[in-house]
Amino acid sequence: MAPTLERIDGTDSDAHELAAVLQRAGAVIVENAIDPDDLARMNAELDSVVASTEPGLRNPSHDRMVDFYGKSTIRLDGMPGRSAGFVELMLNPLLCGVADTLLLPNCDDYLFNTGQLIQIGPGETPQFLHRDEDAWGFYKAPKPLLEVEAMFALTDFTIDNGATQVVPGSHLWPAERQPQSDEIGRAEMSAGSALFYLGSTIHGGGENLTEDEWRRGLFLGYVVGWLRAEENSFLTVPIEKVKTMPTRVQELLGYKAHIGIGVVDVGSPMVMLAD
Ligand SMILES: O=C(O)CCC(=O)C(=O)O
Ligand SMILES: [Fe+2]
């Protein structure tokens, strides 16, 4: 029988408790992670850009990304510049608290890796199972934890419309172990909930068996600040918009150097944001 994912109530939990569950289980559903007003606002902010975007990759960086990112999936990055609600989500106390607890032992500060709207459409096939830390696959184990992430459900996630596949406990497995079908759970959750998971946890998008339902998720991840992030946020988020954002968001977007890494004029890039 498929494993059931652990669940906690986001309105009634603290980040330390959540980090402890993640260290044990590798993934957990946080219910009520976004309040209903913020959820409605975010969906409204995203509706028009989604409506004008075709499914599939526009400019693949590599052939293998075409299937990985999905041919019937609308995927968009640059989220901090597109949605004020997303900027608030970047400061979500549970996600930042988990990053503080689990990433700060491995870095001076962490960094925004990527944020993506992932809207899985009718007919989409299952994404192949992977660890997001495979993005840095040249770095072989043993390695420290590099990434913590959350997939926020902006619509209900169901088995039929593409709820994320997740393998609980797989963050503790040797790299070569493959999950059996009865080890794969599904992140069934209502809109406003989020799947929190580690970069080392095996997971993948689900297949969409419906005729007309789009599964809309908003993904957000943080990585140790000495790693090259997946998204090139300096180009996806206009600097004039960054100037209007909270200081902590500016730091997370890479305008804070990681000691000597990511410098401008051999110093802090934060000066670029001063008028
Ligand atoms: O869409 C999903 O549920 C997961 C997507 C994912 O894991 C990815 O693109 O790395
Ligand atoms: Fe993934």
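What counts and how
- Counting restarts for each chain, with residues numbered from 1 along the sequence as it is written.
- Chains carry letters from A onward and ligands carry numbers from 1 onward, assigned in written order.
- Owing to the predicted nature of the model, reporting of local features is limited to residues with pLDDT of at least 70; listing and counting of side-chain atom pairs is limited to 80 or more, with chain, interface and lining totals taken over all residues.
- We call a residue near a molecule or strand when its C-beta atom, built from the backbone, sits within 6 Å of it.
- Only DSSP runs of H or I reaching four residues or more are called helices, and only runs of E reaching two or more are called strands; each is numbered from the N terminus.
- Following the grouping adopted for this structure description, the nonpolar residues are Ala, Val, Leu, Ile, Met, Phe, Trp, Tyr, Cys and Pro, the charged ones are Asp, Glu, Lys and Arg, and the polar ones are all others, Gly among them.
- Here, a nonpolar core denotes buried Ala, Val, Leu, Ile, Met, Phe, Trp, Tyr and Cys residues that are linked to one another through C-beta atoms within 7 Å.
- Three exposure classes are used, all based on how many other C-beta atoms lie within 10 Å of a residue's own C-beta (placed from the backbone): buried at 20 or more, exposed at 12 or fewer, and partly exposed between those limits.
- Placing a C-beta atom from the backbone of each residue, one calls two residues in contact when those atoms lie within 7 Å.
- Only when DSSP finds a minimum of two bridges between them are two strands counted as paired.
- Note on geometry: axes are lines fitted to C-alpha atoms, helical ones only across the stretch in contact, with angles between N-to-C directions running from 0 to 180 degrees.
- What a helix is expected to span follows from its residue count: subtract one and scale by 1.5 Å.
- The term bend refers to the angle at a residue between two fitted axes, each drawn through seven residues, those ending there and those starting there.

1. Focus on the site of ligand 1
Around ligand 1 sit Ile 118, Ile 120, Gln 127, Asp 132, Met 151, Thr 164, His 203, Gly 204, Gly 205 and Gly 217, and that is every residue in its neighbourhood. Counting residues per element, the ones that place at least two in the shell around ligand 1 are strand E4 (110–120) and strand E9 (203–204). Partitioning the shell around ligand 1 into residue classes produces three nonpolar, six polar and one charged.

2. With respect to the nonpolar core
The biggest cluster of nonpolar side chains holds 66 residues, and the ones touching the most others in it are Leu 22, Val 28, Val 98, Phe 152, Ala 194, Leu 195 and Phe 196. Beyond its immediate stretch of four places on either side in the chain, Ala 194 contacts Val 30, Ala 33, Ala 150, Met 151, Phe 152 and Ala 153.

3. Details of the sheet that holds E4
Backbone-to-backbone hydrogen bonds join strands into a sheet, with any given pair of strands oriented parallel or antiparallel. With mixed pairing, seven strands are arranged side by side in an open sheet as E1-E2-E8-E5-E10-E4-E3. One side of each edge strand has no neighbouring strand; the edge strands of this open sheet are strand E1 (7–9) and strand E3 (73–76). The average undirected angle you get between the axes of adjacent strands in this sheet is 20°. Summarising the sheet, E3 and E4 pair through four bridges and their orientation is antiparallel. Counted as the bridge partner of Thr 73 is Ile 120 from E4.

4. Regarding helix H2 (residues 36–51)
A rise of 1.5 Å per residue sets the reference length of H2, with its 16 residues, at 22 Å; its end C-alpha atoms lie 22 Å apart and thus fit the reference within 8%. For H2, the principal kink sits at Glu 45 and spans about 25°.

5. Re the sheet that holds strand E7 (residues 185–186)
With antiparallel pairing, three strands are arranged side by side in an open sheet as E7-E6-E9. Only two strands of the sheet have a single partner each, and these edge strands are E7 and E9. Pairing geometry for strand E6 (residues 165–166) and E7, over two bridges, is antiparallel. Across the sheet, Val 166 pairs through a bridge with Gly 185, a residue of E7.

6. A closer look at unusual backbone geometry
The linkage connecting Ala 141 with the following residue, Pro 142, adopts the cis geometry, with an omega of 0°. In this fold, Pro 142 is placed in the loop between E4 and strand E5 (147–153). Positive phi is not limited to glycine here, since Asp 265 has a value of about 50°. What makes Asp 265 exposed here is the crowd of 8 C-beta atoms within 10 Å.

7. Digging into the pairing of strand E8 (residues 194–198)
The element E8 is largely enclosed, with a buried count of five among its five residues. Because side chains alternate across E8, one face comprises the buried residues Ala 194, Phe 196 and Leu 198, and the other comprises Leu 195 and Tyr 197, equally buried. Across five bridges, the pairing between E5 and E8 is antiparallel. In the sheet register, Val 148 faces E8, and the bridge partner there is Leu 198.

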